[in-house]
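A closer look at the structure
Spelled out, the chains give:
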Amino acid sequence: MKAIKWFAPRDMRLTDIEKPVPKPHEALVRVESIGVCGSDMHYYEDGAIGQTRITEPLILGHEFAGIVEAVGKDADPALVGKRVAVEPSIPCGECEWCRTGHYNVCTNLFFPGGPPYDGVLCEYAAYDANNCYPTPDGMSAQEAAMIEPLAVAVHAVELARVQRGETAAVLGLGPIGLLTAQVAKLKGIEVVYGTDLHDYRVAASKRYGVDHAYNAETSDTVETIMRETNGRGVDVAFDAARSSDTPALACRVTRPVGRCILIGISGTEEDPFPVSNARRKELTVQWCRRFKSNFPEAIDLVATGKVDVSSIVTHSFPLERAPEAFALVAGFSDNVLKASVDL
Ligand SMILES: [Zn+2]
Ligand SMILES: [Zn+2]
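Conventions used here
- Residues numbered from 1 in each chain as written.
- Chains lettered and ligands numbered in written order.
- Predicted model: local features only at pLDDT ≥ 70, side-chain atom pairs only at ≥ 80, totals over all residues.
- Heavy atoms only, no water.
- Donors = N, O, S within 2.8 Å, 3.2 Å for Na, K, Ca; no water.
- Buried < 20%, exposed > 50% of the residue type's maximum accessible area, 1.4 Å probe, protein only.
- Pairing = 2+ DSSP bridges.
- Helix = DSSP H or I, 4+ residues; strand = E, 2+ residues; numbered from the N terminus.
- Axes fitted to C-alpha atoms, helices over the stretch in contact; angles between N-to-C directions.
- Tetrahedral: all angles 85-135°; square planar, octahedral: opposite > 155°, others 65-115°.
- 1 Å grid on protein atoms, 1.4 Å probe; cavity = no way out; pocket = protein on both sides within 12 Å on 5 of 7 lines; lining within 4 Å.
- Points joined across faces, edges and corners; volume = space filled by probe spheres on them.
- Nonpolar A, V, L, I, M, F, W, Y, C, P; charged D, E, K, R; others polar.
- Right-handed = clockwise from strand over helix to strand, strands pointing away.
- Domains from an automatic or database assignment.
- Buried area = accessible area lost by both parts, 1.4 Å probe.
- Salt bridge = Lys/Arg side-chain N within 4 Å of Asp/Glu carboxyl O.
- Polar contact = N/O pair within 3.5 Å; in protein donor to acceptor, adjacent residues only side chain to side chain.
- Disulfide = S-S within 2.5 Å.
- Phe/Tyr/Trp six-rings, centres within 6.5 Å; stacked < 30°, edge-to-face > 60°.
- Lys NZ or Arg CZ within 6 Å of the ring centre and 35° of its normal.

Remarks on the coordination of the zinc ion (ligand 1)
- Protein ligation of the zinc ion (ligand 1) involves C37 (SG), H62 (NE2) and E63 (OE), the donor distances falling in the range 2.2 to 2.4 Å.
- Here the donor residues of the zinc ion (ligand 1) share one chain and are spaced in sequence as C-x24-H-E. Here H62 matches E63 in class, with each residue buried.

See the structure below:
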């Protein structure tokens, strides 16, 4: 079957690999749609996220959906023929973190598209059937692939424990930021301030629940948000950028005893923090690691039309042209929000 492999930074090529056979408990998914994620960009451009480095050619991709074509022994045969959104993380189920309900930080986690594990930029994936969530009729494959990043947003907002009427800042208005803004609004956040370095993303964000959006290049993030909140700061700040600067900015725009939720992946091992500012305000700084049992809610939010994922997918490429999708996202070209690879 066809697969797209990463060979070196900005060098991805079409290759041929063996089609997988579902093992017991697995479903064979004919991949229909794969989203290009911001985290993929670190591998695409640098071959690494912090100390996690690609050492041999690797298939990227982890946000995906498809049709179950067959199931292995002990997997539910009712899945066959269904379109599924696939939760990509497969935890070990045995470590202390799995046993205590924190499977997203499992120390033996399988996660596709990050070294050493191949991802799903290919025609078929054999996957644990328990990770395959059938999607309701009418949900497109692109929407189903967006369930994965939406689950991240749902988890981030759940970690923020938002109260009705609160204010929030979303730093970084890419797909994760736009999904987080929408979910935060649904959960009761009244006003969302957003910042990004790209004018087209600032403009687009108004369609996704961001009330006041600014270009962080021309409007100082801290000055602007502090002014807009009469010097108080927001109740919750979400860092949804791919930047070493935004964790610190999130702290600085948060009000005393507020919460900072850090979702973004800067790609470095250490980022600067305004420790005095955060300590004086007794902030709660909470990192977000992907998602934790959030697929069912994410599917429901899309199925009921409460969250718009489909218009965030602005570009689509066939598998053979997946390298163009990555180049497009890396360059913030053609007003791209999310690019997807559709088979
Ligand atoms: Zn992702
Ligand atoms: Zn585990």
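A closer look at the pairing of strand β1 (residues 2-8)
- Both β1 and strand β2 (residues 11-16) contribute to a ladder of 6 bridges, which runs antiparallel. When the sheet's bridge partners are listed, W6 is paired in β2 with M12.
- In this structure, the hairpin formed by β1 and β2 is closed by a connection of 2 residues, where R10 is found at a positive phi of approximately 60°.
- Bridging between β1 and strand β6 (residues 58-59) involves 2 bridges; their strand directions are antiparallel. The residue of β6 that forms the bridge with K5 is I59.

Here we look at the sheet that holds strand β12 (residues 191-196)
- In space, the 6 strands of this open sheet follow the order β13-β12-β11-β14-β15-β16, with parallel pairing throughout. In the strand order of this sheet, the two ends are held by β13 (212-215) and β16 (284-287), each with one partner. Neighbour-to-neighbour, the strand axes of the sheet open up by a mean angle of 15°, direction not taken into account.
- Across 4 bridges, the pairing between strand β15 (residues 254-262) and β16 is parallel. Its bridge partner being in β16, C260 is matched across the sheet by V285.

Side note on the coordination of the zinc ion (ligand 2)
- Donor atoms from the polypeptide that bind the zinc ion (ligand 2) are C92 (SG), C95 (SG), C98 (SG) and C106 (SG), placed at 2.3 to 2.4 Å.
- With 4 donor atoms in place around the zinc ion (ligand 2) and angles of 102 to 119° between them, the coordination shape is tetrahedral.

A closer look at the layout of surface pockets
- Quantified by volume, the second largest pocket comes out at close to 410 Å³.
- In this structure, the second largest pocket is lined by 21 residues; those nearest its centre are K23, E26, F110, A126 and Y127.
- Considering every element that reaches the lining of the second largest pocket, the biggest residue donor is strand β9 (residues 124-128), with 5 residues.
- When its residues are assigned to classes, the lining of the second largest pocket shows 15 nonpolar, 1 polar and 5 charged.

Concerning the pairing of β15
- Where burial is concerned, most of β15 is hidden: 7 out of the 9 residues are buried.
- Of the crossover connections in this fold, the one passing from β15 over helix α9 (residues 275-280) to the parallel β16 is right-handed.

Concerning the sheet that holds β2
- Taken together, the 3 strands give an open sheet; going across it, the order is β2-β1-β6, and neighbouring strands pair in antiparallel fashion. Of all the strands in the sheet, just β2 and β6 have a single pairing partner and so form its edges.

What to know about the domain arrangement of the chain
- Annotation of the chain at the domain level lists domain 1 (2-146 + 309-342) and domain 2 (151-287).
- Placing a centre on the C-alpha atoms of domain 1 and another on those of domain 2 gives a separation of 27 Å.
- Sorting the residues of domain 1 by area buried against domain 2 places I312, F332 and L337 first, and these three jointly supply 39% of that buried surface.
- Across the domain 1-domain 2 interface, the total number found is 1 salt bridge.
- With a shortest N-O distance of 3.9 Å, E45 and R242 are connected by a salt bridge.
- Linking domain 1 to domain 2 there are 7 residue pairs in polar contact (both at pLDDT 80 or more).
- With 5 residues, helix α1 (residues 38-46) is the single largest residue contributor to the side of domain 1 that touches domain 2.
- Residue composition of the side of domain 1 that touches domain 2, by class: 8 nonpolar, 8 polar and 2 charged.

Quick look at the state of the cysteines
- Under the counting rule described, the total for this entry stands at 0 disulfides.
- No disulfide involves C132; its nearest neighbouring cysteine sulfur is the one of C122, lying 13 Å away.

Description of α1
- Taken together, the buried positions of α1 are S39, D40, M41, H42, Y43 and Y44.
- Among the residues trailing α1, G47 stands out with phi positive, at a value near 70°.

Observations concerning the packing of aromatic side chains
- Counted by the stated rule, this structure contains 7 aromatic pairs.
- When the centroid spacing of 5.6 Å and the interplanar angle of 50° are considered together, the rings of Y44 and F326 count as tilted. One end of the pair, Y44, is in helix α1; the other, F326, is in helix α11 (residues 322-330), and 282 residues separate them in sequence.
- With 5.5 Å between their ring centres and 65° between their planes, F64 and Y127 make a pair best called edge-to-face. Note that F64 is positioned in strand β7 (residues 63-71) and Y127 in strand β9, a separation of 63 residues in sequence.
- Look at F64 and you get buried, because its relative accessible area is 1%.
- The exposure class of Y127 is buried, given its relative accessible area of 4%.
- Members of the aromatic cluster, connected to one another through ring pairs, are F64, F110, Y117 and Y127.
- It is R13 that lies over the ring of F7; its NZ or CZ is 4.1 Å from the centre.
- For the cation-ring pair, K19 lies above Y124, with the distance from its terminal atom to the ring centre recorded as 4.1 Å.

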